[in-house]
Amino acid sequence: MPRPIWSGSLSFGLLNIPVQLMAGTRTTDLSFRMLDARDKSPIRYERVNAETGEEVPWKEIVKAFEYDKGSYVVLEQEDIRSAAPESHDAIEVEAFVDVEAIGPQYFEKPYVLVPAKRAEKGYVLLRETLKRTGRMGIARIVIRTRENLCALLPQGDALLLVMMRYPQELVDAGDYALPAGQAGDYRISPRELEMAEALIASMESEWKPAGYRDEFRARLQKVIEKRIKAKGGKVRKSLEEPALRDDATTNVVDFMSLLQKSIDAKRRTPASKAVARKPAKTASKAGKPGKAAAAKPKPAKRAAKSRTAR
């Protein structure tokens, strides 16, 4: 199993769901090394001082911003850390919007959110609610020191976290010379439109992603394997990834109470470490329910447990 990229909690309202962020894409490009054609030795790239031509060790390299041609301001690690957000262990949903409200140009890279053990109930609650309402969550996640805008979307049994581009990263299509106006402005006849529609209708098909593959890569892979076998070598197989790390949490949470409190408060849950780790703390007490559940009468508590068992 692949390793999690990030671990923390997904929060909306007062509900916190311990999750792990897993890769949603894989690299399929074939990797090549540069060799010296004379003796087939690998080419090594070095960090060289542009003025002296001497190699510079990593410990002597600093980050700088070129604010003018040849003029730099050096940034220390403390400067970069001071600009980074405080919360690193929570994905806090800031809003829910219609799935059709955001154009495809904003979406960048998908990941899969996987619930920690015994956190499935909250995960499924959010997933199914998004499906029923036709909404997606807009949130932020901090990976290392970078804060990323992201969207939460249900897909099958999964909750996808899709990295988004900020508006400042997009080029306005109006900056280009595009043909504005209607079809008639370009002397496109109704008959031509009908024929184009008929052509599209004749090519309609169900989306079957398995039917599409990188043919160039497949052919090149065969060439590489043939060359390896000709040299008497063995084709390398991909290694298995280590298993997922288990996170302790619990399904025994009074969701009705938390949902009602969230609605009454009409505010977001602060993305604090104490809030993000509350489910894990609850589970460490030999399966005892949290404070919200403990405040309920005993019959209600037993009912919650029986529903969880089912």
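Conventions used here
- Residues numbered from 1 in each chain as written.
- Predicted model: local features only at pLDDT ≥ 70, side-chain atom pairs only at ≥ 80, totals over all residues.
- Heavy atoms only, no water.
- pLDDT = per-residue confidence, 0-100.
- Helix = DSSP H or I, 4+ residues; strand = E, 2+ residues; numbered from the N terminus.
- Contact = heavy atoms within 4.5 Å.
- Core = buried A, V, L, I, M, F, W, Y, C linked by side-chain atoms within 4.5 Å.
- Buried < 20%, exposed > 50% of the residue type's maximum accessible area, 1.4 Å probe, protein only.
- Expected span 1.5 Å × (residues − 1).
- Polar contact = N/O pair within 3.5 Å; in protein donor to acceptor, adjacent residues only side chain to side chain.
- Pairing = 2+ DSSP bridges.
- Phe/Tyr/Trp six-rings, centres within 6.5 Å; stacked < 30°, edge-to-face > 60°.
- Salt bridge = Lys/Arg side-chain N within 4 Å of Asp/Glu carboxyl O.

## Structural notes on the confidence of the model for the protein
Of the residues in the protein, 78% have a pLDDT of 70 or more, and the chain-wide mean is 78. Put simply, helix α8 (residues 291-294) is where the protein has its lowest mean pLDDT, 38, and strand β9 (residues 158-164) is where it has its highest, 95. Segment residues 238-250 is flagged for pLDDT under 50; beyond a separation of four residues in sequence, or across chains, it makes 33 contacts in the model. Across residues 269-310, where pLDDT falls below 50, the model places 38 contacts with residues more than four positions away in sequence or in other chains.

## With respect to the nonpolar core
For soluble globular proteins, the rule of thumb is that nonpolar side chains tend to be buried together. Leu10, Ile91, Leu113, Ile141 and Leu161 are the most contacted members of the largest nonpolar core, which totals 35 residues. Among the elements that line this core, the one with the most residues is β9, at seven residues. Those residues in contact with Leu10, other than ones at most four positions away along the chain, are Leu15, Asn16, Ile17, Val19, Ile91, Val93, Leu113, Leu126, Leu152 and Leu159.

## Things to note about helix α4 (residues 215-230)
Taking 1.5 Å of rise per residue, 16 residues should cover 22 Å, and α4 covers 23 Å from first to last C-alpha, within 8% of that figure. Where α4 begins, the capping side chain belongs to Asp214, and its oxygen is found 3.3 Å from the backbone nitrogen of Phe216. At the C-terminal side of α4, Gly232 shows a positive phi close to 85 degrees.

## Focus: the pairing of strand β6 (residues 107-115)
Two elements, strand β2 (residues 15-23) and β6, share five bridges in a ladder whose sense is antiparallel. Note that in β6 the partner of Gln20 across the bridge is Val114. Inspection of the sheet shows β6 paired to β9 by six bridges, in the antiparallel sense. Within the sheet, the bridge partner assigned to Val112 lies in β9 and is Leu160.

## With respect to the packing of aromatic side chains
What the rule picks out here adds up to two aromatic pairs. Note on Phe12 and Phe96: the rings are 6.3 Å apart at their centroids and 85 degrees apart in plane angle, and the pair reads as edge-to-face. One end of the pair, Phe12, is in strand β1 (residues 6-12); the other, Phe96, is in strand β5 (residues 90-98), with 84 residues separating them in the sequence. Given a relative accessible area of 13%, Phe12 falls into the buried group.

## Some thoughts on the pattern of salt bridges
Applying the stated rule across the entire model yields nine salt bridges. Residue Arg140 is joined to Glu94 by a salt bridge in which the shortest nitrogen-to-oxygen separation is 2.8 Å. Separated by 46 residues along the polypeptide, Arg140 in strand β7 (residues 135-143) and Glu94 in strand β5 bring together distant segments of the chain. Across the pair Asp98 and Arg135 runs a salt bridge, and its minimum N-O distance is 3.6 Å. Of this pair, Asp98 sits in strand β5 while Arg135 sits in strand β7; the two residues are 37 residues apart in sequence, bridging distant segments of the chain. Here the salt bridges share partners, and the residues they tie into one network are Glu94, Arg140 and Glu147.

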